[in-house]
Amino acid sequence: MTALDDALGDVYTEVLRRNPGELEFHQAVREVLESLGPVVAKRPQYTDAAVIRRLCEPERQLIFRVPWVDDAGRVQLNRGFRVEFNSALGPYKGGLRFHPSVYLGIVKFLGFEQVFKNALTGMPIGGGKGGSDFDPKGRSDAEIMRFCQSFMTELYRHIGEHTDVPAGDIGVGGREIGYLFGQYKRITNRYESGVLTGKGLTWGGSQVRTEATGYGTVFFVQDVLAARGASFDGRRVVVSGSGNVALYAAEKVQQLGGVVVACSDSSGYVVDDKGIDLELLKDVKQARRERIAVYAAESGARFVEDGSVWDVPCDVALPCATQNELDGGHAETLVRGGCVVVAEGANMPCTPQAVRVLESAGVVFVPGKAANAGGVATSALEMQQNASRDSWSFEHTEARLAEIMHGIHERCLETADEYGRPGSYVAGANIAGFTQVADAMLALGVI
Ligand code: GLU
């Protein structure tokens, strides 16, 4: 671990004391604090106004009961969360995650990251995150609907287009956003399109929102490669996961001439040196909601149940599954396999040890708050379209996304240079995101 100087060390100790047992939150905070040394040295006003301490404490944390009735008529019980982390730049903005691993520490790590990510996009959005320990796996459509309706029956009183604007994350896609929006509309009697993003295209959604996180990650890597006089053309790319982020990252890689040789789900991974057949993979994962082994059986790709997708040698690795999926050992394997760029499509998929291994081997590492910001940036574009009762074409929206990702790339490099960490996307993303939020917090006073 990089040592923290006195003031930052005190902030970290306070975070540990106030948030016992929330390991992922500790990890996310530490990772940002490790970048802030040069900032507090240069600008003592942040320490004087306790900006960093305040930033580590969510503005509001909501925990609520979510009862619902399953198809067999039994009462089921889950816990719902919404952590409204920071609203200095705009309404709280960030997704909802439905996964059995969700607890307060996960929601807080995601909310904390979201604050910096959203700032980096340059759009007027604060940061928040929510979700539930509900496990959608194996649940019928009707059960998903009843769960979403119960979840929204509590959440609706806390959100609004100017207050807090949830979207999707793991386990929450277009279907869930539909049921959530329907219940919000019914309870409030308002067609308030801007209260949720990730909506369907016929009822207020934006073109490119579905593709945006994956596409944006690949646009960012395209800039990383271009800065080194290279491109995706002919590159071997491994993408972990096979959810929304992974599928559209893979799609954009293919459009840019790269070859996606492997991807995965929680049951194993598939490898195909000829490249993954994305149309078939989408059909298996999205339309049929099947496991990735079904894709292997139908495509002839090799399915590997044990081991890790990071065993597959590649030039570019895009972890797009979940937090801490790529550890120090995996990073060493990637380095040995000749990997030159790792960019996080998911939130915090690389452990701190993995990041150290990659950086000391000279592999370019791009943290999620920069690489995957295209999803939430396009959510902000959806909010813009809703506010003006307009809808843009796919081409226009994709061009805006590309422009935003390009801007984030530039900003990361400029900031890293300015603070004496040339070439570090971690320092650049953390410092640029932090200063943007911190300056707004200073201007708004002690609130
Ligand atoms: N869950 C996504 C993220 O991690 C998107 C959030 C949003 O669109 O509000 O950034």
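Whatever comes next refers back to the structure up there.
Given the structure is predicted, the values throughout are model-derived calculations rather than measurements.

Cut-offs and rules
In every chain, residue numbers begin from 1 and rise along the written sequence. Under the rules for a predicted model, residues below a pLDDT of 70 receive no local features and side-chain atom pairs below 80 are neither given nor counted, while totals for whole chains, interfaces and linings still include all residues. Only hydrogens and water are removed before side-chain values are computed, so all heavy atoms of the structure are retained for them. Only runs of H or I of at least four residues qualify as helices and only runs of E of at least two qualify as strands under DSSP, and these elements are numbered from the N terminus. Note on classification: 1.4 Å probe, protein chains only; a residue is buried when its accessible area is under 20% of the maximum for its type, exposed when over 50%, partly exposed between these limits. Here the rule is simple: two strands pair whenever DSSP picks up at least two bridges between them. Here the axes come from fitting lines to C-alpha atoms, over the contacting stretch only for helices, and the angles between their N-to-C directions go from 0 to 180 degrees. Only protein atoms enter the 1 Å grid used here. Points where a 1.4 Å probe fits but cannot escape make up a cavity, open sets with protein on both sides within 12 Å along at least five of seven lines make up a pocket, and a residue lines them when an atom lies within 4 Å of a point. Grid points are joined across faces, edges and corners, and a volume is the space filled by probe spheres set on the points. Amino acid classes used here: Ala, Val, Leu, Ile, Met, Phe, Trp, Tyr, Cys and Pro are nonpolar; Asp, Glu, Lys and Arg are charged; the rest, including Gly, are polar. By convention in these notes, a residue is near a molecule or strand provided one of its non-hydrogen atoms lies within 4 Å of it. Any pair of N or O atoms that falls within 3.5 Å is considered a polar contact. Within protein, one atom must be able to donate a hydrogen and the other to accept it, and sequence-neighbouring residues count only if both atoms are side-chain atoms. Only the protein chains shown count as cover for residues, and all accessible areas are computed by the Shrake-Rupley method using a 1.4 Å probe.

Visitor: Would you mind showing me how to read unusual backbone geometry here?
Guide: Peptide bonds are mostly trans, and most non-glycine residues show a negative phi. Phi is positive for Ala-50, close to 50°, though the residue is something other than glycine. In this structure, Ala-50 sits in the loop between helix 4 (45–48) and helix 5 (51–55). Although it is not a glycine, Asn-189 adopts a positive phi angle of roughly 60°. Its location among the elements puts Asn-189 in the loop between helix 8 (174–188) and helix 9 (209–227). Accessibility expressed as a relative area gives 71% for Asn-189, which makes it exposed.

Visitor: Any chance you could explain the sheet that holds strand 9 (residues 302–304) here in plain terms?
Guide: Strand pairs in the sheet, formed through backbone hydrogen bonds, run parallel or antiparallel to each other. Spatially, seven strands are ordered 9-8-7-6-10-11-12 in an open sheet, and the strand pairing comes out mixed. The strands lining the two open edges of the sheet, one partner per strand, are strand 9 and strand 12 (364–366). Here the strands of the sheet are splayed against their neighbours by 15° on average, with no regard to which way each runs. Pairing analysis gives four bridges linking strand 6 (residues 236–240) to strand 10 (residues 316–319), with the strands arranged parallel. Paired with Val-237 across the two strands is Val-316, which belongs to strand 10.

Visitor: How should I be thinking about empty space enclosed by the protein in this particular structure?
Guide: Gaps left between atoms show up when a probe the size of a water molecule is rolled over them. In total, this model carries one cavity of 30 Å³ or more according to the counting rule given. What lines the largest cavity is Val-32, Leu-33, Leu-36, Ile-52, Leu-55, Cys-56, Phe-112, Phe-116 and Phe-434. When residues of the lining of the largest cavity are traced back to their parent elements, those giving at least two are helix 2 (23–33), helix 5 and helix 6 (104–121). When grouped by side-chain class, the residues that make up the lining of the largest cavity number nine nonpolar, no polar and no charged.

Visitor: Looking at this structure, I do not really get the layout of surface pockets. What am I missing?
Guide: Here the second largest pocket defines a volume of roughly 500 Å³. Residue lining of the second largest pocket: 27 residues in total, with Glu-31, Glu-34, Pro-352, Val-355 and Arg-356 positioned closest to the centre. Secondary-structure elements contributing two or more residues to the lining of the second largest pocket are helix 2, helix 14 (352–360), helix 15 (368–371) and helix 18 (425–444). Counting residues per element, the lining of the second largest pocket draws most heavily on helix 2, which supplies five residues. The class makeup of the residues in the lining of the second largest pocket is 11 nonpolar, seven polar and nine charged.

Visitor: Could you clarify how one ought to interpret the site of the ligand in this entry?
Guide: In the region of the ligand, 13 residues are neighbours, and Lys-93, Lys-117, Asp-169, Arg-209 and Ser-379 sit closest. Between the ligand and Gly-168, the relevant distance is 2.9 Å, taken from a nitrogen atom to a main-chain nitrogen or oxygen of the residue. Summarising the interface, the protein chains cover 95% of the accessible area of the ligand, which totals 300 Å² for the free molecule. Put simply, the parts of the chain that give the shell around the ligand at least two residues each are strand 3 (92–98), helix 6, strand 5 (164–168) and helix 16 (373–387).

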